Amino acid sequence: MINIENISVTYNAGTANEVKALQQLSLQVLPKSFVVLLGSNGSGKSTFFNALSGTAQIDSGKIFIDNQPIHEWNAYKRSVLFTRVFQNPLQGTVTGLSVIENFRIAALRTHSSKNIFAGVSTAFRKKVQEVISESGLPLANRLDTLMGNLSGGQRQALTLLMATMADCKVIMMDEPTAALDPRSAELVINTTQKIFQNSPVTIFYITHNMKEAVSLGNRLLIFKEGRIAIDASDTEKQKWDLQRLHGWFDEG
Amino acid sequence: MEAYISAIIQGLCFSSLALGIFISMRVLNLPDITTDGSFTLGAAVTAVMLAQQIPVYFILPAVCICGAIAGSITGIIHTVLRVHVLLAGIIVMTALYSVNLIVMGRTNIPFDEGFFMSNIFGDSNTWITMTIYVAVLVVIINRLLLSDFGIVLRALGSNSTMLTANGVNTKALTIKGLAISNALTALSGSMIAQHQQFADLNMGIGIVIIGLGSVIIGESLFSFFKSQVLFLKLVAVFFGALVFRVLIAFVLSQDVNPNYLRLITATVVLAVVALSYKKKPAID
Ligand SMILES: Nc1ncnc2c1ncn2[C@@H]1O[C@H](COP(=O)(O)OP(=O)(O)OP(=O)(O)O)[C@@H](O)[C@H]1O
Ligand SMILES: [Mg+2]
């Protein structure tokens, strides 16, 4: 259960460039929800993710996950609960490291007893190879390729697979398919749905793609000027078809 | 000929400096210039402990620890107080000048004994000692950088956002990285002091350029490998340190006024940088 109470985020507070990116936002999310987030550019969707993960400072408000007050935690500590797939594929992976090393970092996320001098073992290589093969990505034999030598789409798809290397409660995906060609986008969406079906995880999924917004998830949030303008679950969400969505955005 | 032999031994002494700079500037992507201070600190600690007849297997760890503390302070100033790393390095380097003077008690301490390192292996042959020492160093650093700690450390320089999202305390990691880098630098200061048989308060001035020059020369010399194997990169840096010293020995052998040494050093580094940039495409 995620319980968000009245969070606000202000960038450049007190200056001429002050932006109220989130305003008194409250939200409750049941376990195992798949929440789709829509909203115009600058409506605060990415900021919402940053506030949850701790990379943006909240001015006020509280965030509880399973009754733990995580707004009091450091960003790196919160990562035990969250996995992120960033809007920019470059942000989710390390260019200068190989594919296998990137997976290693993701797998270390929830290690409680860290033997920091372990490294990439043969068993680990095998596991990663399986994960990639299963996904259908043709990259299982390129574990030692530098991440920087892969395309943005390939990196984005791998980021999502990396997210599955360690358990987490919440996956936050920020326009994961925006940079992808249709085939890779389909791969990312299928992988996302597979993860959702197979693990007790809550997914937040930001998109600008109305078709995705209609077909994915069991809850829809539409952001406007740092607030949640529309919140529709289950049967309510099903009433939001393409036409109605377009209509809503056209009205502004 | 003797000048070249001495140059190569110096190169061996400087190799840990080069590896330290490789870690700060290349792995962490941080222009840390605490170096000038931590290098002298290594020499100062060596001189003082040697005068107390303390055995070598205590001296070398002590040197490393002192260097690591210096690096950590720079790291803390940079990460906790959010001071630019260049400025943090200058602050610590400046402070270390006085610290080194306090440690030494005077500006110059001559050693009675030469390479006490040689005592470790019960052999007075400096060559063998230094070669084993450098080989061990490269192997240890290679192992370290390939470990989980090393993987995360290598990620830090290019994508700290991703690390934070994966549960890494990037501030603590930066501090640890700078500690390791400066421990290696201090070790180098100790070796050079042993080689020249004295510690001097000013021996660290401008030393960062020697480390950087070695790294750049090593990278250029070995770029034709086009290999991503980390071990080869470390070996390249090590050879960079050797070649750099030999290059300088060569220039000095041409009857150049020794007063020009730093000018020549700077010019050699500039030349190598300019040449190596020409080979690379502009976007990098
Ligand atoms: N680091 C920052 N510093 C200052 N202002 C910021 C920062 N990040 C976001 N903003 C501002 O906050 C507001 C919300 O931005 P945010 O990135 O959350 O929007 P978004 O809904 O994700 O938009 P998009 O669909 O374009 O990704 C915008 O006005 C943006 O300019
Ligand atoms: Mg965004």
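The following refers to the structure shown.

Basis of the calculations
- Residues numbered from 1 in each chain as written.
- Chains lettered and ligands numbered in written order.
- Predicted model: local features only at pLDDT ≥ 70, side-chain atom pairs only at ≥ 80, totals over all residues.
- Heavy atoms only, no water.
- Helix = DSSP H or I, 4+ residues; strand = E, 2+ residues; numbered from the N terminus.
- Rg over C-alpha atoms; globule rule 2.2 N^0.38 Å.
- Buried < 20%, exposed > 50% of the residue type's maximum accessible area, 1.4 Å probe, protein only.
- Contact = heavy atoms within 4.5 Å.
- Areas by Shrake-Rupley, 256 points an atom, 1.4 Å probe, with all protein chains shown as cover.
- Lys, Arg positive; Asp, Glu negative; His and termini not counted.
- Charge placed at Lys NZ, Arg CZ, Asp CG, Glu CD.
- Donors = N, O, S within 2.8 Å, 3.2 Å for Na, K, Ca; no water.
- Near = heavy atom within 4 Å.
- Polar contact = N/O pair within 3.5 Å; in protein donor to acceptor, adjacent residues only side chain to side chain.
- Axes fitted to C-alpha atoms, helices over the stretch in contact; angles between N-to-C directions.
- Parallel < 35°, antiparallel > 145°, perpendicular 65-115°, else oblique.
- Left-handed = near helix turned anticlockwise from the far one by under 90°.
- Nonpolar A, V, L, I, M, F, W, Y, C, P; charged D, E, K, R; others polar.
- Pairing = 2+ DSSP bridges.
- Buried area = accessible area lost by both parts, 1.4 Å probe.
- Salt bridge = Lys/Arg side-chain N within 4 Å of Asp/Glu carboxyl O.
- Expected span 1.5 Å × (residues − 1).
- Patch = residues over 30% accessible without salt bridge, like charges linked within 9 Å, V, L, I, M, F, W, Y side chains within 5 Å.
- Phe/Tyr/Trp six-rings, centres within 6.5 Å; stacked < 30°, edge-to-face > 60°.
- Lys NZ or Arg CZ within 6 Å of the ring centre and 35° of its normal.

**Brief notes about the overall build of chain B**
Here is step 1 of the chain: In terms of regular secondary structure, chain B is built from 11 helices and 2 strands.
Here is step 2 of the chain: Starting at the N terminus and walking to the C terminus, you meet the elements of chain B as α-α-α-α-β-α-α-α-α-β-α-α-α.
Here is step 3 of the chain: For chain B, whose C-alpha radius of gyration is 18 Å, the value lies close to the compact-globule estimate of 19 Å for 284 residues.
Here is step 4 of the chain: Relative to its full complement of 284 residues, chain B shows a buried share of 54%.
Here is step 5 of the chain: Restricting to contacts in chain B with at least 6 residues of sequence separation, those with at least 24 account for 78%.

**Some details on the overall build of chain A**
Here is step 1 of the chain: Scanning chain A from terminus to terminus reveals 9 helices and 10 strands.
Here is step 2 of the chain: The C-alpha radius of gyration of chain A comes to 19 Å, within 12% of the 18 Å expected for a compact globule of 252 residues.
Here is step 3 of the chain: When its C-alpha atoms are laid out on the principal axes, chain A stretches across 55 × 40 × 35 Å.
Here is step 4 of the chain: Here chain A holds 252 residues, and the buried ones make up 51% of them.
Here is step 5 of the chain: A separation of at least 24 residues holds for 68% of the contacts in chain A among residues at least 6 apart in sequence.
Here is step 6 of the chain: Summed over all atoms, the accessible surface of chain A reaches about 11,900 Å², with 47% contributed by carbon and sulfur.
Here is step 7 of the chain: Taken as two groups, the 25 positive and 22 negative side-chain charges of chain A have centres that lie 5 Å from each other.

**Section: the coordination of the magnesium ion (ligand 2)**
Residue and element names in this part refer to chain A.
Here is step 1 of the chain: The protein atoms that coordinate the magnesium ion (ligand 2) are Ser 46 (OG) and Gln 87 (OE1), at distances of 1.9 to 2.5 Å. On the criterion of sequence distance, the pair formed by Ser 46 in helix 1 (residues 45-53) and Gln 87 in the loop between strand 6 (82-85) and helix 3 (99-108) is long-range, its members being 41 residues apart.
Here is step 2 of the chain: On the accessibility criterion, Ser 46 (25% relative accessible area) is partly exposed.
Here is step 3 of the chain: Assessed through its relative accessible area of 37%, Gln 87 is described here as partly exposed.

**Thoughts on the site of ligand 1**
Residues and elements named next belong to chain A.
Here is step 1 of the chain: Inspection of the region around ligand 1 gives 15 residues, with Asn 41, Lys 45, Ser 46, Thr 47 and His 208 positioned closest.
Here is step 2 of the chain: With respect to ligand 1, the side chain of Ser 46 contributes an N or O atom lying 2.7 Å from an oxygen atom.
Here is step 3 of the chain: Contact with the protein chains removes 64% of the 630 Å² of surface that ligand 1 exposes when unbound.
Here is step 4 of the chain: Mapped by element, the contributors of at least two residues to the shell around ligand 1 are strand 2 (19-29) and helix 1.

**Re the packing of helix 1 (residues 2-27) of chain B against helix 10 (residues 230-253) of chain B**
All names here are of chain B.
Here is step 1 of the chain: Here helix 1 crosses helix 10 at 140°, and the two axes come no closer than 7 Å. Of the possible angle classes, the one that applies to helix 1 and helix 10 is oblique. Judged by the sense of rotation from one axis to the other, the crossing of helix 1 with helix 10 is right-handed. Every residue of helix 10 that contacts helix 1 at Ala 3, Tyr 4, Ala 7, Ile 8, Gln 10, Gly 11, Leu 12, Phe 14, Ser 15, Ala 18, Leu 19 and Phe 22 is listed here: Lys 233, Leu 234, Val 237, Phe 238, Ala 241, Leu 242, Arg 245, Val 246, Ala 249, Phe 250 and Ser 253.
Here is step 2 of the chain: A breakdown of the residues in the contact of helix 1 with helix 10 according to their chemical character gives 17 nonpolar, 4 polar and 2 charged.

**Considering the sheet that holds strand 5 (residues 68-69) of chain A**
Residues and elements named next belong to chain A.
Here is step 1 of the chain: The antiparallel open sheet is built from 4 strands, whose spatial order is 2-1-4-5. This sheet does not close on itself; its edge strands, each paired only once, are strand 2 and strand 5.
Here is step 2 of the chain: Sheet strands in contact with helix 1 are strand 1 (2-11), strand 2 and strand 4 (60-65), and its direction is about 115° off that of strand 1.

**Observations concerning the interface of chain A and chain B**
Here is step 1 of the chain: The interface is formed by 27 residues belonging to chain A together with 22 residues belonging to chain B.
Here is step 2 of the chain: For the pairing of chain A and chain B, the buried interface totals around 2,000 Å² over both sides, and the portion due to carbon and sulfur atoms is 64%.
Here is step 3 of the chain: Across the chain A-chain B interface, the total number found is 2 salt bridges.
Here is step 4 of the chain: Arg 154 of chain B is paired through a salt bridge with Glu 101 of chain A; the nearest N and O atoms lie 2.7 Å apart.
Here is step 5 of the chain: Mapped by element, the contributors of at least two residues to the side of chain A that touches chain B are helix 2 (75-78) and helix 3 of chain A.
Here is step 6 of the chain: Ranked by residue count, the leading element in the side of chain A that touches chain B is helix 3 of chain A, at 6 residues.
Here is step 7 of the chain: Taken together, the residues of the side of chain A that touches chain B sort by class into 16 nonpolar, 7 polar and 4 charged.

**Here's the deal with helix 6 (residues 182-198) of chain A**
Here is step 1 of the chain: Counted at 1.5 Å a residue, the expected span for helix 6 of chain A with its 17 residues is 24 Å, and the 24 Å between its end C-alpha atoms agrees.
Here is step 2 of the chain: The inward-facing, buried residues of helix 6 of chain A abut strand 3 (34-39), helix 4 (122-135), helix 5 (152-163), strand 7 (170-174), strand 8 (202-206) and helix 7 (210-215) of chain A.

**Some words on a nonpolar patch on the surface**
All names here are of chain B.
Here is step 1 of the chain: Together, Met 1, Ile 5, Trp 127, Ile 128, Ile 132, Val 136 and Ile 140 make up an exposed nonpolar region whose accessible area comes to about 660 Å².
Here is step 2 of the chain: If you tally residues by element for the nonpolar patch, the top one is helix 5 (residues 126-146), at 5 residues.
Here is step 3 of the chain: Tracing the chain through its elements places Val 136 in helix 5.
Here is step 4 of the chain: Given the relative accessible area of 43%, Val 136 is considered partly exposed.

**What to know about the packing of aromatic side chains**
Residue and element names in this part refer to chain A.
Here is step 1 of the chain: Summed over the entire model, instances satisfying the criterion amount to 10 aromatic pairs over all chains.
Here is step 2 of the chain: Ring geometry for Phe 34 and Tyr 205: centres 6.1 Å apart, planes at 45°, overall tilted. Highlighted residues: Phe 34 in strand 3 and Tyr 205 in strand 8, separated in sequence by 171 residues. Taken as a pair, Phe 34 and Tyr 205 share a single burial class, namely buried.
Here is step 3 of the chain: Three or more aromatic residues joined by ring pairs make a cluster, and in this case those are Phe 48, Phe 49, Phe 204 and Phe 223.
Here is step 4 of the chain: Lys 32 extends its terminal NZ or CZ atom over the ring of Phe 196, reaching a point 4.1 Å from the ring centre.
Here is step 5 of the chain: One Lys or Arg, Lys 77, reaches over the ring of Trp 73 and ends 4.6 Å from the middle of that ring.

**A few points about the pairing of strand 7 of chain A**
The side chains of a regular strand alternate, first on one face of the sheet and then on the other.
All names here are of chain A.
Here is step 1 of the chain: Buried residues dominate strand 7, accounting for 5 of its 5 residues.
Here is step 2 of the chain: Bridge count between strand 6 and strand 7: 4 bridges; the pairing is parallel. Paired with Thr 83 across the bridge in strand 7 is Ile 171.
Here is step 3 of the chain: Both strand 7 and strand 8 contribute to a ladder of 5 bridges, which runs parallel. Paired with Asp 174 across the two strands is Ile 206, which belongs to strand 8.

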